[in-house]
Amino acid sequence: MTWCLGQTDIPRLRAGGVQAQFWSVYIPGEQRDGHFARTQLEQIAIAREIIRTHGDVFTLASTADDVRKARKAGKIPGMLGIEGGHAIENSLPLLRTYYDLGVRYMALTHNVHLEWADAAAMVPPHVNGLTPFGEEVVREMNRLGMVVDL
């Protein structure tokens, strides 16, 4: 049985020699029901469950050392990534919680402007780049060791 999600499946990951991967855990920024964090946490839970269920193939990795250990064990290490800072709902503690759940990168914006950052896909700019809070988000991501995805 072949497990498949979108254009990725285990046989092609193996055939392609994938050494590690990011699981992009996307939620739409256009969602206006006020449940960004809830939806993001549910998506993270699904990704973590897929990794757990297919533990013979995947393992969640949080550090470079985790990646090396997984490769030695013949597994594909995965790190989680968030596609859009709307998921933190303007909360640094929520950003830290995502980090604790295995998130290792965050795209600051995706398709929509945030209160603290402009999306390239939207014209005109809303805040002309990053606000002071947006700069604080980037500093916190750097402190945690998260990749800042632009």
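Everything quoted here is computed from the prediction, not taken from an experiment.

**A word on the environment of Thr 109**
Stage number 1. As for its position among the elements, Thr 109 is in the loop between strand 6 (103–107) and helix 5 (132–144).
Stage number 2. On the basis of relative accessible area, Thr 109 is assigned to the buried category, the value being 14%.
Stage number 3. Look past the residues within four positions of Thr 109 in its chain and what remains in contact with it is Gly 84, Gly 85, Leu 114, Ala 117, Asp 118 and Ala 119.

**Re the environment of Arg 96**
Stage number 1. Examined against the element boundaries, Arg 96 turns out to sit in helix 4 (residues 92–100).
Stage number 2. A relative accessible area of 31% places Arg 96 in the partly exposed class.
Stage number 3. Residues contacting Arg 96, with those up to four places away along its chain left out, are Glu 140, Arg 143 and Leu 144.

**Some details on the pairing of strand 6**
Stage number 1. Buried residues dominate strand 6, accounting for five of its five residues.
Stage number 2. Bridging between strand 5 (residues 76–83) and strand 6 involves four bridges; their strand directions are parallel. Directly across from Glu 83, in strand 6, lies its bridge partner Ala 107.
Stage number 3. Once the chain exits strand 5 it traverses helix 4 before rejoining the sheet at strand 6, and the crossover so formed is right-handed.
Stage number 4. In terms of strand pairing, strand 6 meets strand 7 (residues 147–149) through three bridges, oriented parallel. Paired with Met 106 across the bridge in strand 7 is Val 148.
Stage number 5. Of the crossover connections in this fold, the one passing from strand 6 over helix 5 to the parallel strand 7 is right-handed.

**What to know about the packing of helix 4 against helix 5**
Each pair of packed helices can be described by the angle between their axes along with the distance between the axes.
Stage number 1. Two elements in contact, helix 4 and helix 5, have axes separated by 11 Å at closest approach and are oriented at 30 degrees. It follows from the interaxial angle that helix 4 and helix 5 lie roughly parallel. Crossing geometry of helix 4 relative to helix 5 is assigned as right-handed. Residues Leu 92, Leu 95, Arg 96 and Tyr 99 of helix 4 form the contact with helix 5, whose participating residues are Phe 133, Glu 136, Val 137, Glu 140, Met 141, Arg 143 and Leu 144.
Stage number 2. For the contact of helix 4 with helix 5, the per-class residue count stands at seven nonpolar, no polar and four charged.

The rules behind the values
Residues numbered from 1 in each chain as written. Predicted model: local features only at pLDDT ≥ 70, side-chain atom pairs only at ≥ 80, totals over all residues. Heavy atoms only, no water. Helix = DSSP H or I, 4+ residues; strand = E, 2+ residues; numbered from the N terminus. Buried < 20%, exposed > 50% of the residue type's maximum accessible area, 1.4 Å probe, protein only. Contact = heavy atoms within 4.5 Å. Pairing = 2+ DSSP bridges. Right-handed = clockwise from strand over helix to strand, strands pointing away. Axes fitted to C-alpha atoms, helices over the stretch in contact; angles between N-to-C directions. Parallel < 35°, antiparallel > 145°, perpendicular 65-115°, else oblique. Left-handed = near helix turned anticlockwise from the far one by under 90°. Nonpolar A, V, L, I, M, F, W, Y, C, P; charged D, E, K, R; others polar.

By themselves, these are just geometric observations and shouldn't be taken as functional.
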